[in-house]
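# Understanding the architecture of this molecule
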Amino acid sequence: MKINPWQINFEYINTKIMNRQNFIRKGLLGSGIFAVSATSAHIMKNDIDEIEPLEALDADAVHYDSDQLENHSVLHKATSRGHANHGWLQSNHTFSFANYHNPERMHFGVLRVLNDDIVAAGRGFGLHPHDNMEIISIPLEGDLEHEDSMGNQAIIRKGDIQVMSAGTGIMHSEYNKNNDQAVKFLQIWVYPNQRNVAPRYDQITLDRSQRHNKLQQILSPDPSDEGVWIHQDAWFHMGHFDKGISTNYKIKQAGNGVYIFVISGSINVEGQELETRDGFGIWDISEIKLTATSADTEILLMDLNMILN
């Protein structure tokens, strides 16, 4: 009898696909990933699934050098990221993920994963589990199709923000809906400040004109605030700046740090010049100044709790 993947329950997953220990390891730690054709009903195991689980972290998981500690900052150049080429998937990892491991690149506060993904036409991530992680997807080009075990079916495009609180456990898949173009998106994982919450899914469409030469909030811990929300003291903003435009950003919560990822163009942050796809984390500050140094500069700014809850 053919099984509808969206009717598979977690008992079936635990007994037929993987035992409970592996489910926790590959769900909680987020390393259960499959590759399938968007037109195929089959789940095909891919070598991405055969990766080491994300390591359990503590506040001392990353050891910065003396210059980084003195300057309260860390620079991650685009060319220094981990890279995975799976044919259908090209992925750049700012932090250790899958087969890329760098003990100096484990996390920035509660920010654990920042993947810059390109998925080939008609391909995608098949049904796979997650739990106890806040997962945010930001499309940059193309159409990304989502389905999950809660019955959600949706397509996200540039201007949309998608969030999942994996909580006690969720199964989902993501496909490139189009057969004639790649889809590009950022996938971000943030450790939650509450474990085993009820799983949930949300997506919104934002007015991108509201980020022209200023920062637009896209995420916060408050369901009534602008953007989507997550179980963590984190605020995300996006901005699209003309050359020479400056803006100041005030940290939302004392003790938080800021991680800036440059989607396009270049920007100066507190004297540090950043180029396309560079990342820069800074902490022990209350306000930062940003100045676009090229036209068509787009950034993602993440204001994050620096303490692993």
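The rules behind the values
- Residues numbered from 1 in each chain as written.
- Predicted model: local features only at pLDDT ≥ 70, side-chain atom pairs only at ≥ 80, totals over all residues.
- Heavy atoms only, no water.
- Helix = DSSP H or I, 4+ residues; strand = E, 2+ residues; numbered from the N terminus.
- Contact = heavy atoms within 4.5 Å.
- Salt bridge = Lys/Arg side-chain N within 4 Å of Asp/Glu carboxyl O.
- Buried < 20%, exposed > 50% of the residue type's maximum accessible area, 1.4 Å probe, protein only.
- Pairing = 2+ DSSP bridges.
- Phe/Tyr/Trp six-rings, centres within 6.5 Å; stacked < 30°, edge-to-face > 60°.
- Core = buried A, V, L, I, M, F, W, Y, C linked by side-chain atoms within 4.5 Å.
- Polar contact = N/O pair within 3.5 Å; in protein donor to acceptor, adjacent residues only side chain to side chain.
- Axes fitted to C-alpha atoms, helices over the stretch in contact; angles between N-to-C directions.
- pLDDT = per-residue confidence, 0-100.

## A look at the side chain of S266
- By secondary structure assignment, the location of S266 is in the loop between β18 (257–264) and β19 (267–269).
- When near neighbours in sequence (up to four residues on either side) are disregarded, S266 contacts E273, L274, E275, A292, T293, S294 and T297.

## What about the pattern of salt bridges?
- In total, this model carries seven salt bridges according to the counting rule given.
- D278 is paired through a salt bridge with K77; the nearest N and O atoms lie 2.7 Å apart. You can see D278 sitting in the loop between β20 (272–274) and β21 (279–282) and its partner K77 sitting in the loop between β2 (73–76) and β3 (82–85), a full 201 residues away along the chain.
- A relative accessible area of 2% means that D278 is categorised as buried.
- Of the residues examined, K77 reaches a relative accessible area of 29% and is grouped as partly exposed.
- We note a salt bridge from R157 to D143, for which the minimum N-O separation is 3.0 Å. Of the two residues, R157 sits in the loop between β9 (153–156) and β10 (160–165) while D143 sits in the loop between β7 (134–141) and β8 (144–148), which places them 14 residues apart along the sequence.
- The exposure class of R157 is partly exposed, given its relative accessible area of 39%.
- Relative accessible area serves as the criterion here: at 15%, D143 is assigned to the buried category.
- A network of salt bridges, in which partner residues are shared, links K77, E275 and D278.

## Notes on the pairing of β8
- Among the five residues in β8, four count as buried, and that is most of the element.
- Pairing of β8 with β9, which is carried by four bridges, proceeds in the antiparallel orientation. Among the inter-strand pairings, E147 is bridged to a residue of β9, identified as Q153.
- Between β8 and β9, which pair antiparallel one after the other, the connecting turn spans four residues, and G151 there sits at a positive phi close to 95°.

## Quick look at the packing of aromatic side chains
- For the coordinates displayed, the defined rule picks out five aromatic pairs.
- Arranged with centres 5.3 Å apart and planes meeting at 80°, the rings of F97 and W189 form a pair that is edge-to-face. Taken together, the residues span a long stretch of sequence, with F97 in the loop between β4 (89–93) and β5 (111–119) and W189 in strand β12 (residues 183–190) at a distance of 92 residues. Here F97 matches W189 in class, with each residue buried.

## Some points on the sheet that holds β2
- Pairing is mixed across the open sheet formed by seven strands, whose spatial order is β2-β21-β18-β23-β16-β14-β15. Single-partner strands in this sheet number two, and they are β2 and β15 (228–229).

## Some points on the pairing of strand β14 (residues 215–220)
- Extensive coverage of β14 is indicated by the burial of six of its six residues.
- With two bridges joining them, β14 and β15 adopt parallel strand pairing. Within β15, the residue paired with S220 across the bridge is W229.

## Quick notes on the nonpolar core
- By size, the foremost hydrophobic cluster in this structure holds 51 residues, and its most contacted members are I136, I138, I188, F236 and L300.
- Take this core: its biggest share by element is six residues, from β12.
- Non-local contacts of I138, meaning those with residues more than four positions away in its chain, are made with D160, I161, F185, L186, I188, I218, M238 and L300.
- Core analysis: the next-biggest nonpolar cluster, separate from the first, contains 18 residues, W235, V258, I282 and A292 among them.

## Some points on the side chain of H107
- Following the sequence through the fold, H107 ends up in the loop between β4 and β5.
- At a separation of 2.6 Å, a polar atom in the side chain of H107 contacts the main-chain carbonyl oxygen of G109.

## Some thoughts on the sheet that holds β7
- One open sheet accounts for seven strands, arranged β3-β4-β5-β12-β7-β10-β13; its pairing is antiparallel. The strands lining the two open edges of the sheet, one partner per strand, are β3 and β13 (200–205). Between one strand axis and the next, the sheet turns through 15° on average, direction left out of account.
- Note: β4 against β5, five bridges, orientation antiparallel.

## Overview of the environment of G87
- Note that G87 resides in the loop between β3 and β4.
- A relative accessible area of 55% places G87 in the exposed class.
- G87 sits 33 residues away from A120 along the chain, and the two C-alpha atoms are 8.0 Å apart.

## Here's the deal with the confidence of the model for the protein chain
- Overall, the prediction assigns the protein chain a mean pLDDT of 83, with 77% of residues at 70 or greater.
- Across residues 1–53 the pLDDT falls below 50, and counting only partners more than four positions away or on other chains, this stretch makes 105 contacts in the model.

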